[in-house]
Amino acid sequence: DGSTQFTIPTQIGQELQWSDVDQDYLLYQDVVGEEKDFALNTYLFNLETRQSTNLSEETGLDLTQARWVTGEFALYLSGREVDDEPGSRIFHYDLVTGTLTEIREYQSSLPRYLTVSPDGSSMVYEQYGIFDRDEFSGVWRLDRDSTSLRLTDLGRNPLWLVWD
């Protein structure tokens, strides 16, 4: 029937996403460890070779979110460097060249529900301030050139709506 079966080694697979550029790749997250001693890892799964690449290990980041960049073999990643306090940074990761570019500096906040614009140049996300909710919480827009704008102090789960 033309279908392909495969197994991804995971305890709790989350957010399975297909690349819109190279259909041989999937992106997924998995929790490793138990109770309070656990880590969230982000993987790139190659359907042709059936191999997973741990992007957390490859980038050296403690990743919390990953999204495909529309029209590119690249990802937007949120996470923190090992030496960072609780909080996060946001990166653009070009999978062709291996170039990791920081587009939002460290903040004591957690971006959630990253949603990439239809043209891939921007994202919107819900952000939760860890220590200072007034300064960091709300819905934000971040452009590839690092321009950032708070859209609202309130809100959850932002999405792009495309009108034809």
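It should be noted that the structure appears before, not after, this text.
Calculation criteria
- Residues numbered from 1 in each chain as written.
- Predicted model: local features only at pLDDT ≥ 70, side-chain atom pairs only at ≥ 80, totals over all residues.
- Heavy atoms only, no water.
- Core = buried A, V, L, I, M, F, W, Y, C linked by side-chain atoms within 4.5 Å.
- Buried < 20%, exposed > 50% of the residue type's maximum accessible area, 1.4 Å probe, protein only.
- Helix = DSSP H or I, 4+ residues; strand = E, 2+ residues; numbered from the N terminus.
- Contact = heavy atoms within 4.5 Å.
- Pairing = 2+ DSSP bridges.
- Axes fitted to C-alpha atoms, helices over the stretch in contact; angles between N-to-C directions.
- Phe/Tyr/Trp six-rings, centres within 6.5 Å; stacked < 30°, edge-to-face > 60°.

So, about the nonpolar core. Formed by 14 residues in total, the largest nonpolar core has its most connected members in Leu55, Trp68, Leu75, Leu77 and Leu95. If you list the elements that add at least two residues to this core, you get β2 (25–34), β5 (61–68), β6 (74–81) and β7 (88–94). Take this core: its biggest share by element is four residues, from β5. Not counting residues within four places of it along the chain, the set of residues in contact with tryptophan 68 comprises Gln17, Trp18, Ser19, Tyr25, Leu26, Leu27, Leu44, Phe73, Ala74, Leu75, Leu95 and Val116. By size, the runner-up hydrophobic cluster in this structure holds eleven residues, among which are Val69, Leu114, Val116 and Leu142.

This brings us to the sheet that holds β7. The strand order across the open sheet formed by four strands is β5-β6-β7-β8, and the pairing between neighbours is antiparallel. A single partner strand is all that each edge strand has here, and the edge strands are β5 and β8 (99–107). Adjacent strand axes in the sheet meet at a mean angle of 25° when their direction is disregarded. The pairing of β7 with β8 spans six bridges and is classified as antiparallel. Counterpart to phenylalanine 91 in the pairing with β8 is glutamate 102.

With that settled, the discussion passes to the packing of aromatic side chains. In the structure shown here, the tally under the stated rule is three aromatic pairs. Their ring planes at 25° and their centres at 5.8 Å tell us that tryptophan 68 and phenylalanine 73 sit as a pair that is stacked. Judged by its relative accessible area of 8%, tryptophan 68 is buried. Its relative accessible area of 16% is what places phenylalanine 73 among the buried residues.

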